[in-house]
Each structure stands twice: as C-alpha cells, then as structure tokens.
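# Structural characterization, general
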Amino acid sequence: MPIEVKNISHIYMENTPYEKKALNNVSLTINEGEFVAIAGHTGSGKSTLMQHFNGLLNPTKGEVFIDGIDINKKKDKKTLNARRSVGMVFQYPEQQLFEESIFADIAFGPRNFGCSEDEVKQRVKDAMDFVELDYEEYKDKSPFLLSGGQMRRVAIAGIIALKPKYLVLDEPTAGLDPRLKQNLLQKVKKLHQKEKMTIIMVSHNMDDIALLADKVAIMRQGKLMIYGGPREVFTHKDVIEQAGLLEPEVMQLLRKIKEYGLDVDINALNKQEAL
Ligand code: ADP
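Okay, so let's go over this structure.

Calculation rules
- Residues numbered from 1 in each chain as written.
- Predicted model: local features only at pLDDT ≥ 70, side-chain atom pairs only at ≥ 80, totals over all residues.
- Heavy atoms only, no water.
- Phe/Tyr/Trp six-rings, centres within 6.5 Å; stacked < 30°, edge-to-face > 60°.
- Helix = DSSP H or I, 4+ residues; strand = E, 2+ residues; numbered from the N terminus.
- Buried < 20%, exposed > 50% of the residue type's maximum accessible area, 1.4 Å probe, protein only.
- Lys NZ or Arg CZ within 6 Å of the ring centre and 35° of its normal.
- Pairing = 2+ DSSP bridges.
- Axes fitted to C-alpha atoms, helices over the stretch in contact; angles between N-to-C directions.
- Contact = heavy atoms within 4.5 Å.

What describes a pair of aromatic rings is the distance from one ring centre to the other and the angle between the planes of the rings. In this structure the tally under the stated criterion is 2 aromatic pairs. For the pair Phe98 and Phe108, a centre-to-centre distance of 5.2 Å together with 85° between the ring planes defines the contact as edge-to-face. A residue pair is termed long-range when its members are at least 10 positions apart, and Phe98 in the loop between strand 6 (86-89) and helix 3 (102-112) and Phe108 in helix 3 qualify at 10 residues. Classification of Phe108 as partly exposed rests on a relative accessible area of 38%. The ring of Phe113 carries Arg84 above its face, with NZ or CZ at 4.2 Å from the centroid. Directly above the ring of Tyr138 sits Lys141, whose terminal nitrogen or CZ lies 4.8 Å from the centroid.

In any sheet, the strands associate via hydrogen bonds between backbone groups, in a parallel or an antiparallel arrangement. Within the open sheet, the 6 strands sit side by side as 6-7-8-3-9-10. Their pairing is mixed. Either end of the sheet is taken by a strand with one partner, and the two such strands are strand 6 and strand 10 (223-228). Along the sheet, successive strands turn relative to each other by an average axial angle of 15°, direction set aside. Of the pairings in the sheet, the one linking strand 7 (residues 166-170) to strand 8 (residues 198-202) comprises 5 bridges and is parallel in character. Counted as the bridge partner of Val168 is Ile200 from strand 8. Sheet strands in contact with helix 7 (residues 178-193) are strand 3 (35-40), strand 7 and strand 8, and its direction is about 150° off that of strand 8.

As a further point, take the environment of Phe113. Tracing the chain through its elements places Phe113 in the loop between helix 3 and helix 4 (117-130). When the C-alpha positions of Phe113 and Arg84 are compared, they lie 8.8 Å apart, and in sequence the two are 29 residues distant. With near-sequence residues (within four places) excluded, Phe113 lies in contact with Arg84 and Leu162.

In structure tokens, the structure reads:
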C-alpha cells in the first residue's frame, strides 16, 4: 500500500500579511518498498511536503492517504496508526535529544507507543545494534557527551526503534564528514534493502540520489516539477537547471549512473557530456 499525496497546497499564515504559499497543487505516490529522493533549492517546499507525510502539517487543500486512510479526516485509532507508520528524521535530529541517558532517549518513542518494558528494551538494543553503538557501553551514558556523529546515530536509533514502515529523512547527512556520511548512507540503504523500509530522503547530494533512489522528485517554488526514475528525471536538464541543481552536479550524476550500470542510454549521455 502506498503513501498518496493528492493535489495538496499549503499556505503558511493564511490571511495575514505574511501569507506564504509553500506548496502548490502537489501530487505524488510513494509505493511500498521504494526509495524516493526529494531534491530542490532551499525554500522550494521540501520540508513542508515532508511534514505532510505523517500529518504534522495539514494541507490547506488536498488530501494525504497512507495505506488508503485519509490522515487528515478523522482523529480515530486507524488514523493515528497510519500516521505512526511514518517515522520522521528531521534535519540535525541530534538537536532533539533530551533524555539523560541514551537508553531513555531511544526508549522514549516505543514507550509512548505503549510497548511493554521488555519490548522497549529489545527495541532499544536492536536499534543501537543497528547504528553500531554498543548497548552495554553506551546505554547509561548521557547523549550529550557523544560526538556529533554518534549523537546523530542515537537520534536515528530513536526513530528506528519505532519500527516505521515508511522512513522520512530530511538531509540526514548534513554537516557530517565524508566518512560518517558514507557510513550513515550505508545504514539507510540497509534499512531499505534488508528491513524493506520505504525510504523518502530529502537530499542535495546528486551522488547519493543516483546511487540510492528508485525515484526522484524535483521541487521548485512549491511545485513538483518532475517525478520519476533517475534516468527519466535527469534527462530533463532544463528542469534541473531551473531547480537550481547545478550543472556540474548533474554531469557527475550522469557519470555515476553510467558507472554503476543503471539502465542508461549511453549515446544520450555522451551527447550531453559533449555539450
Ligand atoms: P525547503 O525545505 O525546500 O528549504 P521549506 O518547505 O522549508 O523549503 O519552505 C518553503 C517556503 O515556505 C519557504 O519560502 C519558507 O520561507 C516558507 N516557510 C517554511 N516554514 C514556514 C513557516 N513555519 N512559516 C512561514 N513560512 C514558512
């Protein structure tokens, strides 16, 4: 079952002098098991769109369905469960750590979801295992004594412990050094491939998109400009340029697609590279 966004618009501070239309009639479907990347310039509406996937923001117009349930219609248990099937990792998630121990921080979500203490413990263990933080060594430590990269891993473990069916990540590698970045992306890839999580990732990095995504959505000024497979999307050079995704990055991306053997028309690629 998919996440379906149908003709949504979002206006911040409607009917005030500060009114801002951040989303303009956006529709897209994210099928179960897909890895979808959302790219676009700062201010193009990526974060606003993301926050509609679990009902954190309500659309001014339009509807969002998760597994067939309109998540903004009723406030019943079914709706709550549908919203809860979407895990959300915001930018710099480590800024949201607040408990005094790493265990308590990761346990916060599962406890809130009503898991038994045994289940909570197991989920914390599994999540720490997944992000490669030794349970015995770290569980009682303060998250605030960790390095930046470790803090981010704790924050992500807190979402993984909720076992979401859909995982939404807003620039998860922002501010990390290249080694930590690769490590984190490998983990996201593993969540997708081994745990079969559906992944929606906001990213500026064309390399990451080329390597990971089944589908790419390009946003510009609140509109979804194009949505499709990397090959299809990246043949629309004009859209990419308009979206502020720079030319050298596109070239780099096309080379990656070639290198990693995705289904690419090499002639078209060479023609573009010659331009
Ligand atoms: P992106 O994630 O692509 O950088 P955003 O979704 O954050 O874009 O922002 C889209 C537009 O909405 C921008 O013009 C931004 O200034 C505006 N915006 C975002 N959040 C708010 C808010 N809470 N109140 C008013 N305007 C906002």
